[in-house]
Structures are given as structure tokens and as C-alpha cells.
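# Examination of the molecular architecture
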Amino acid sequence: MKLSDIDLRLLRVFLAVATAGGFAKAQGTLGISQPAISSQIAKLEDRLRVRLCDRGPKGFALTPAGEQVLQEVTVLLDQIDAAAERLNTIADPTTKQVRIGVVDSMVTDPENPLIEVLRRLHHTQPDLKVNIGIFDFLACLEELRANRLDIAIVGIAGNERIPSETEAIPLYREVSSLYCSPDHPCAGATDADGLKAALAKAQISAHSFVFNPIDKDLDPMLLNQSEGVAQDTIELTAYLALCGSHVGLLPDHYARVWVDEGTLISLAPLHDPITSDFHALRLQSAPQDSVLNKVWKTLRVRARA
């Protein structure tokens, strides 16, 4: 098979799980919930068409195929990381730059302070080069850990956690709700019981790593991603909700334009609001850099304001 960026992220999840010796033990390393890890491993198994591990009453164990995949993955990722280190040494060390990773669709949130921070940096340090990469949650953390990012800005939701090896600045809170098109069966539900029954039969696309966001006694058919479909990005979820095939879990700020024009409607919540607390993260072990420290200080000042 040809490897994509998504495949490499899935392989890194598998390596973390195999190294830690189980899904629960890998949570601290990956910073995502156990259901999210399980979902990622299931996607990799579908991609490779083999069962990689057994997880049951007897505990976690790699299958014979999983052992073979682990050997290949260890060699592959070591080679990729070593090549990345060599490439990083080619850059001119005198260049003033900061590398920031963000998750998709943050730009429409009025609470997001990054635009103001970048504007200030542009005026106070016009020679500073700012590189911004857009990733999903897991990839953002991986890029930070690999020192390919200086700062990552991600939303922490549910059982996700701030990685222990990072320093964090809390920035703002994002609220997400369930949305569907006006012609979707869920749009016709007039009471909580009717909506719950309709959602139980619906296909639901959830952004980030929010897993089974509706209710614990429901088993919604979350987006089944094949090798030709991207990760659960907010934009993909919006497409599916707008075309009427899915109910989408979307940030309220992002969905507002379609709600205002009537092409999406917000469904009454069945539980507490789903929130993501956005933080700026940097590695505690990162070398001290005066330029990066100024950017970090600007973020901290803006967060306090």
C-alpha cells in the first residue's frame, strides 16, 4: 500500500500502544482517550486488513501479524525521524522563525486569540517568519513532540489530556453542538424521546476525537472512514451534515453561518454541552530561544486579558 500522512499517524498510534503494552497505558503518551485510541487501531487494522492485537479479559497482546507489523513500523518510523532530523539541520540557524500548529477551523472562532497575537508579532517583529501548519489533534501533538513545531494549539475535550511533557497556556473554550440539514429525519423530532430515537438510527460524524457524543446508551454509527476518506475533520463533518446524510457534531462558531441561512439546524442537546478547552502547548524540554519566548509571552499576556 502507499503510505499517506494519515497512515503514518495511525502507525505511530500503534507503536505507542505496542510499546506501552495496551490502550489504557498509551493514553498518557498519546494524550487521547482510550476509545479514540481503539478507533485509530481499528482504522489501521482495516487499512492493513489484519488483526493487530487482542484486547479482552486476558489483557492486551499483539497477534503474530501485529508482531510483524511492529518490527516493520519500528524500523520505518526510526528512519523517517532520523531523516527529518537531518533535514532540519539544513536550515539557516540565524533565521528568526516560529512554527505553530493549529487544528482546523479555529479561525472562525471569535474567542481565538491567535490572529491578534500574530498581528502584534507582525508589528513588533516584522522580520519574524511565522509558519502555521493545520493538523488534526493527534498529528499536532506528534509534530510538537518531534520538534517540527514550536507551539501547538489544540482543544482538550472529554478524556483527552494535556501531555505531561508540555507547558500549557489555557486560551479559550469552544462549544460544539449537533447539527443536521432541515430535511434530515432528526430535524422532525419534536421531543427529547423522539430525537433520541432518531439519533439512534442516524449516521453521526464527530470532529476530533469526541467519541459517541450523544448518550452512553446509544450506539450511533460514527463515520466509518475508509482508505479514501480523510480524518474526522470539521470541514468533512460539515459536508456530510449539509448534504443531509449525517448528523454532525460541529463547533457552534463554525456552524453559525449555515444556521443563519437555514441550511443547518441545531438539535436540542441530550446531555451537557460538549466543550473543548483550547491550550497553547510547548515542550518543557525545548531549548530556550529568545524569539520563541517572546511569542510565548505574547500568548500568555493575551490569554490573561
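About the criteria used
Residues numbered from 1 in each chain as written. Predicted model: local features only at pLDDT ≥ 70, side-chain atom pairs only at ≥ 80, totals over all residues. Heavy atoms only, no water. Helix = DSSP H or I, 4+ residues; strand = E, 2+ residues; numbered from the N terminus. Buried < 20%, exposed > 50% of the residue type's maximum accessible area, 1.4 Å probe, protein only. Contact = heavy atoms within 4.5 Å. Areas by Shrake-Rupley, 256 points an atom, 1.4 Å probe, with all protein chains shown as cover. Salt bridge = Lys/Arg side-chain N within 4 Å of Asp/Glu carboxyl O. Phe/Tyr/Trp six-rings, centres within 6.5 Å; stacked < 30°, edge-to-face > 60°. Core = buried A, V, L, I, M, F, W, Y, C linked by side-chain atoms within 4.5 Å. Arc of directions from axis to C-beta. Polar contact = N/O pair within 3.5 Å; in protein donor to acceptor, adjacent residues only side chain to side chain. Axes fitted to C-alpha atoms, helices over the stretch in contact; angles between N-to-C directions. Parallel < 35°, antiparallel > 145°, perpendicular 65-115°, else oblique. Left-handed = near helix turned anticlockwise from the far one by under 90°. Nonpolar A, V, L, I, M, F, W, Y, C, P; charged D, E, K, R; others polar. Pairing = 2+ DSSP bridges.

A count of helices and strands for the chain gives ten helices and eleven strands. Looking at the 305 residues of the chain, the share that counts as buried comes to 45%. Here the analysis covers contacts within the chain between residues at least 6 apart in sequence; of these, 71% occur between residues at least 24 apart. In the form shown here, the chain has an accessible surface area of approximately 15800 Å², with 53% of it arising from carbon and sulfur atoms.

Evaluated as defined, the whole model comprises nine salt bridges. Of the charged contacts, one joins E116 and R302 as a salt bridge, the two residues approaching to 2.9 Å between their closest N and O atoms. Residue E116 is found in helix α5 (residues 114–124), and its partner R302 is found in helix α10 (residues 290–304); the two are separated by 186 residues along the sequence. A relative accessible area of 33% places E116 in the partly exposed class. Across the pair R148 and E143 runs a salt bridge, and its minimum N-O distance is 3.0 Å. Several salt bridges share partner residues, and in doing so they unite E116, R120 and R302 into one network.

Right, let's talk about the packing of aromatic side chains for a bit. Summed over the entire model, instances satisfying the criterion amount to three aromatic pairs. Centre to centre, the rings of F23 and F60 are 6.0 Å apart; their planes meet at 55 degrees, and the pair counts as tilted. Note that F23 is positioned in helix α2 (residues 23–30) and F60 in strand β2 (residues 59–62), a separation of 37 residues in sequence. Look at F23 and you get buried, because its relative accessible area is 8%. Plain terms: the ring middles of Y254 and W258 are 5.3 Å apart, the flat faces sit at 70 degrees to each other, and that makes the pair edge-to-face. Of this pair, Y254 and W258 both sit in helix α9 (residues 252–261), separated by four residues, roughly a single helical turn. For Y254, a relative accessible area of 13% corresponds to the buried category.

Here the focus is the nonpolar core. Among the nonpolar cores identified, the biggest contains 54 residues, and F14, I37, I151 and I153 are the most heavily contacted of them. Apart from the residues within four sequence positions on either side, I151 is in contact with V98, R99, I100, G101, L144, A280, L281, L292, V295, W296 and L299. L178, C180, I204 and L249 belong to the second largest nonpolar core, which has 13 residues in total.

Now for α2. Restricting attention to buried positions, one finds in α2 the residues F23, A26, Q27 and L30. Down the axis of α2, the smallest arc covering the buried residues is 130 degrees, so these residues share one side. The first or second residue beyond α2 is G31, which carries a positive phi of 80 degrees.

As a further point, take the side chain of H246. Its location among the elements puts H246 in the loop between α8 (234–242) and β9 (247–251). A polar contact of 2.7 Å, which involves the side chain of H246, links it to the side chain of S245.

Another aspect to go through is the packing of α5 against α10. The interhelical angle for the contact between α5 and α10, taken along N-to-C directions, is 135 degrees, at an axis separation of 10 Å. When the interaxial angle is binned, α5 and α10 end up oblique. When you trace α5 past α10, the crossing you get is right-handed. On α10, the residues that touch E116, V117, R120 and L121 of α5 are V295, T298, L299, V301 and R302. The class makeup of the residues in the contact of α5 with α10 is five nonpolar, one polar and three charged.

The buried fraction of strand β5 (residues 151–156) is high, at six of six residues. With three bridges joining them, strand β3 (residues 97–103) and β5 adopt parallel strand pairing. Note that in β5 the partner of V102 across the bridge is I153.

For the rest of this paragraph, the subject is the pairing of strand β6 (residues 166–180). Side-chain direction in a regular strand flips from residue to residue, so the side chains alternate between the two faces of the sheet. Sheet topology note: the β6/strand β11 (residues 274–283) ladder contains ten bridges and is antiparallel. Each bridged residue has a counterpart across the sheet, and for R173 the counterpart in β11 is D277. Alignment of β6 against β9, held across four bridges, turns out to be antiparallel. In the sheet register, L178 faces β9, and the bridge partner there is L249. Looking at chain direction, β6 and strand β10 (residues 265–266) are connected through two bridges and run antiparallel. Bridging across to β10, Y179 finds its partner in S266.

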